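A structural walkthrough
Here is how the chains run, residue by residue.
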Amino acid sequence: MRGAVIHAPGDVRVEERDTPKIINPTDAVIRTVATCVCGSDLWDYRGINTVNEPTPIGHEYVGIVEEVGNDVSRVKPGQFVVGSFFASDNTCPNCRNGYQTNCLHREFVGAGGCQAEYIRIPLADGTLVATPNQPDEQHIASLLACSDVMGTGWYAAVAAEVRPGSTVAVVGDGAVGLSAVIAARELGAERIIAMSRHESRQKLATEFGATDIVTERGDEGVARIKDMTDGIGADAVLECVGTPQAMQQALRSARPGGNVGFVGVPHGVEINGEELFYSHVALRGGPAPVRAYLPDLIDRVLTGRINPGKVFDLTLPLEQADEGYKAMDERRAIKALLRP
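Residues numbered from 1 in each chain as written. Predicted model: local features only at pLDDT ≥ 70, side-chain atom pairs only at ≥ 80, totals over all residues. Heavy atoms only, no water.

So, the overall build of the protein
Under the convention used in this document: By the criteria applied, helices consist of DSSP H or I runs no shorter than four residues and strands consist of E runs no shorter than two, each listed in order from the N terminus. As a reference, a globule follows 2.2 Å times the number of residues to the power 0.38, and the radius of gyration itself is taken over C-alpha atoms. Here's how the labels work: a residue is buried when its accessible area is under 20% of the maximum for its type, exposed when over 50%, partly exposed in between, all with a 1.4 Å probe on protein chains only. In this description, contact between two residues means that some pair of their heavy atoms is separated by no more than 4.5 Å.
Tallying secondary structure elements over the protein gives 12 helices and 18 strands in all. The C-alpha atoms of the protein give 19 Å as radius of gyration, which agrees with the globular expectation for 340 residues (20 Å, within 12%). Summarising its shape, the C-alpha atoms of the protein cover approximately 60 × 40 × 40 Å along the three principal directions. In the protein, buried positions account for 54% of the 340 residues. Looking at the protein alone, contacts between residues at least 24 apart form 68% of all its contacts between residues at least 6 apart.

As structure tokens, then:
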């Protein structure tokens with residue numbers, strides 16, 4: 001089969017790879033209908049994460065089940081499925097508590113590289129969710145978004161305890177931040193402040209439900225949020241970047257007693273314990289338990305309530321995966337969808 005492999009920073013190639021097979025009786029193999037480049041993949045592409053050897057890449061996917069192991073009973077060949085980037089059994093105590101990305105038996109699905117024609121999914125019964133029928137083409141992009149960015153944005157809003165009537169600030173205007181705007185709207189936020197300097201992303205944030213746009217960053221961004229909230233700060237802040245500046249901006253933009261949900265993969269982030277102590281701000285985050293939200297998100301997509309697939313503003317054949325990386329790295333695209 002054909003699949004993307006990162007060889008070094010700035011060097012992604014689509015090559016011949018072994019077609020995955022059933023290894024464990026709990027596995028499934030799916031034929032990929034759509035996959036994509038994630039903002040977190042850019043940490044490797046930019047050399048911020050070390051790439052020591054050629055490595056398959058990608059962790060977002062939707063597809064058709066081709067084959068299942070003998071112990072798989074909840075999905076079957078021919079079904080269209082959406083899955084999380086972490087495989088989970090969905091039965092262990094951590095899964096039952098709603099944290100499938102901390103499953104006691106978790107496996108990183110992306111270890112096999114999901115930017116490929118076929119993918120092996122471990123723990124298929126607990127990881128994959130089948131759609132009721134074969135979805136229309138118009139829903140493919142949004143279902144793909146649910147496999148990571150929409151589910152991650154949703155978790156940011158849940159972690160920050162967004163409630164009806166809340167004032168919410170979203171730090172980050174990438175695909176996760178834009179999805180977080182959708183999540184805040186769906187959870188009933190009255191005011192949603194999107195922090196963005198890019199006109200196309202501001203426009204999409206507004207379409208998704210943002211009521212205000214703030215272009216300032218850092219201390220100026222914090223001051224602007226405080227000014228807009230009578231000097232108090234936002235009830236909930238959704239941190240969707242992962243840099244020290246973004247985290248600091250998020251923490252300082254929240255009101256005393258407010259909440260920060262952080263889902264940007266941290267790189268160099270350090271939190272001042274004394275500042276956090278006196279802020280009375282609560283902090284929760286981590287790898288989003290996407291599997292917990294998939295049934296609900298899939299239903300919202302198929303019923304037309306949400307359309308997160310609009311974050312994909314570039315569609316390419318899988319063979320041009322390198323161009324998808326370049327476009328996102330150069331901020332010519334929000335998110336690149338790849339079709340095998």
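Examining the sheet that holds strand S16 (residues 282–285)
Test applied: Strand pairing is assigned whenever DSSP detects at least two bridges linking the two strands. Axes here refer to lines fitted to C-alpha atoms; in helices the fit is confined to the stretch in contact. Angles between the N-to-C directions go from 0 to 180 degrees.
On the basis of which strands lie adjacent, the open sheet formed by 6 strands has the order S13-S12-S11-S14-S15-S16 and parallel pairing. Bordering the open sheet on either side are strand S13 (212–214) and S16, each of which pairs with just one other strand. Strand-to-strand twist of the sheet, defined as the mean angle between neighbouring strand axes without regard to direction, takes the value 20 degrees. As defined by bridge partners, strand S14 (residues 234–239) adjoins strand S15 (residues 254–262) across 5 bridges and the pair is classed as parallel. From the neighbouring strand, glutamate 239 faces S15, where its bridge partner is phenylalanine 262. Packing against the sheet, helix H5 (residues 149–159) makes contact with S14, S15 and S16, and its axis sits at approximately 155 degrees to S16. Of the strands in this sheet, strand S11 (167–171), strand S12 (191–195), S14, S15 and S16 are in contact with helix H9 (residues 244–253), which crosses S15 at around 145 degrees.

Concerning helix H8 (residues 218–228)
For the record, the criterion: Relevant arc is that of directions from the helix axis to the C-beta atoms, nothing else.
Residues of H8 that are buried include every one of Gly218, Gly221, Val222, Ile225 and Met228, and no others. End-on view of H8: buried residues confined to an arc of 130 degrees, all on one side of the axis. Every exposed residue of H8 that faces more than 90 degrees away from the buried side is listed here: Asp219, Glu220 and Asp227. Count one or two residues on from H8 and you reach aspartate 230, which has phi positive near 55 degrees.

Considering helix H6 (residues 175–186)
Heads up, the rule is: An expected span of 1.5 Å times one less than the residue number is assigned to each helix.
Here H6 is 12 residues long and its end C-alpha atoms lie 17 Å apart, about the 16 Å a rise of 1.5 Å per residue gives. The complete set of buried residues in H6 reads Ala175, Val176, Gly177, Leu178, Ser179, Ala180, Val181, Ile182, Ala183, Ala184 and Glu186. Close packing links the buried residues of H6 with H5, S11, S12, helix H7 (199–208), S14 and helix H11 (290–302).

Description of the pairing of S11
Judged by how many residues are buried, S11 sits mostly within the fold: 5 of 5 residues are covered. The alternating pattern of S11 places Thr167, Ala169 and Val171 and Val168 and Val170 on opposite faces, both of which are buried. Sheet topology places S11 next to S14; 4 bridges connect them, and they run parallel. Within S14, the residue paired with valine 168 across the bridge is alanine 236.

Side note on the nonpolar core
Test applied: Throughout this description, the term nonpolar core refers to a set of buried Ala, Val, Leu, Ile, Met, Phe, Trp, Tyr and Cys residues connected via side-chain atoms within 4.5 Å.
Within the largest apolar cluster, 58 residues are counted, with the highest numbers of intra-cluster contacts made by Val62, Phe80, Met150, Val168, Val170, Leu238 and Phe312. Of the residues forming this core, the biggest block, 8 residues, is contributed by H6. If we skip the residues at most four places from it in the chain, valine 168 touches Val162, Ala184, Ala189, Arg191, Ile192, Ile193, Ala236 and Leu238. By size, the runner-up hydrophobic cluster in this structure holds 18 residues, among which are Ala4, Val51, Met328 and Ala336.

Concerning the pattern of salt bridges
So the rule is basically this: Every case where a carboxyl oxygen of Asp or Glu lies within 4 Å of a side-chain nitrogen of Lys or Arg is listed as a salt bridge.
Taken as a whole and assessed by the stated rule, the structure comprises 23 salt bridges. In this structure, the salt-bridge partner of arginine 2 is glutamate 16, at a minimum N-O distance of 3.6 Å. Taken together, the positions of arginine 2 in strand S1 (residues 2–8) and glutamate 16 in strand S2 (residues 11–16) put the pair 14 residues apart, joining distant regions of the chain. What makes glutamate 16 exposed here is its relative accessible area of 57%. With a closest N to O distance of 2.8 Å, aspartate 11 and arginine 13 form a salt bridge. The class for arginine 13 is partly exposed, based on a relative accessible area of 38%.

Read these as spatial facts, not as claims about activity.
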